[in-house]
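# Reading the structure
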Amino acid sequence: MNDSVAVERLAAADLPAVASGLGALLVDAVDDGASVGFTSALTPEEAAAWWSDLAPALADDRIAVWTARDGDRLVGTVQLRCESSPNGRHRAEIAKLVVHRAARGRGIARRLLTTAEEFAGSSGRTLLMLDTQTGSTAERLYRSAGWTPLGTVPDYAADPAGVLRPTTFFHKILLPAPPAAQGSERSVELTGPQPGLEA
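The structure presented is a predicted model; accordingly, all values stated were derived computationally and were not measured.

## A word on the pairing of strand β6 (residues 148–158)
With 7 bridges connecting them, β6 and strand β7 (residues 164–173) associate as antiparallel partners. Bridge assignment links Ala157 to a residue of β7, and that residue is Arg165. Between β6 and the antiparallel strand that follows it, β7, lie 5 residues; Gly162 among them carries a positive phi value of about 95°.

If you want it as structure tokens, here you go:
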């Protein structure tokens with residue numbers, strides 16, 4: 001973990017100011033070959049627009065987003081996508097865990113992952129899901145962080161070059177938080193020191 005890196009939750013009102021920086025993170029990940037839902041044709045403008053389109057979901061807490069900053073530089077991000085169906089409000093999905101190539105190897109991805117997991121638990125979620133390209137650096141991170149593989153689906157998603165690759169699905173069971181620790185999602189403190197690529 002690098003103490004110079006600050007991890008903070010992103011508010012919907014802050015999204016316009018950081019959309020281009022988040023877009024640059026996404027483009028960097030795609031250029032590095034990460035399977036994060038886009039192909040190599042992704043432009044910085046398209047990536048920034050994709051982030052901007054998340055504003056309504058951030059505003060009503062369907063998605064929580066954290067950023068990692070080293071000084072003024074945006075170096076990482078992660079999302080928690082919360083299920084809203086009546087029979088699925090106990091679960092959420094980790095998505096778009098991305099760290100800039102120049103900032104890797106410093107524990108930032110693990111810190112972002114831990115932040116999202118702790119927030120999910122404090123918000124009453126007891127089951128987390130995610131998927132990642134089989135054999136990727138992200139897969140090794142999730143295995144080392146205690147995630148359980150459910151199985152691998154061949155040719156599930158194309159990599160940035162358009163080649164179909166297998167995807168491994170994971171889950172993690174979270175212990176319910178003690179009643180005194182539970183509260184609204186907005187009331188959870190996220191910016192203090194915490195332990196701690198996409199999928």
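## Focus: helix α2 (residues 44–52)
Residues spaced three or four apart along an α-helix face the same direction, because each turn holds 3.6 residues. Residues Ala47, Ala48 and Trp51 constitute the buried set of α2. Projected down its long axis, α2 carries its buried residues within an arc of 95°, all on one side. Packed against the buried residues of α2 are α1 (15–31), α3 (55–59), β2 (63–70) and β3 (73–82).

## Topic: the packing of aromatic side chains
Geometry of an aromatic ring pair is reported as the spacing of the ring centres plus the angle between the planes. Considering all chains together, one arrives at 6 aromatic pairs under this definition. Taking 5.1 Å as the distance between ring centres and 85° as the angle between the ring planes, the aromatic pair formed by Tyr156 and Phe169 counts as edge-to-face. Within this pair, whereas Tyr156 is found in strand β6, its partner Phe169 is found in strand β7, the two being separated by 13 residues in sequence. Ring pairing ties together the aromatic residues Phe38, Trp50 and Trp51, which thus form one cluster.

About the thresholds
Residues numbered from 1 in each chain as written. Predicted model: local features only at pLDDT ≥ 70, side-chain atom pairs only at ≥ 80, totals over all residues. Heavy atoms only, no water. Pairing = 2+ DSSP bridges. Helix = DSSP H or I, 4+ residues; strand = E, 2+ residues; numbered from the N terminus. Buried < 20%, exposed > 50% of the residue type's maximum accessible area, 1.4 Å probe, protein only. Arc of directions from axis to C-beta. Contact = heavy atoms within 4.5 Å. Phe/Tyr/Trp six-rings, centres within 6.5 Å; stacked < 30°, edge-to-face > 60°.

This is a description of form; function is not addressed.
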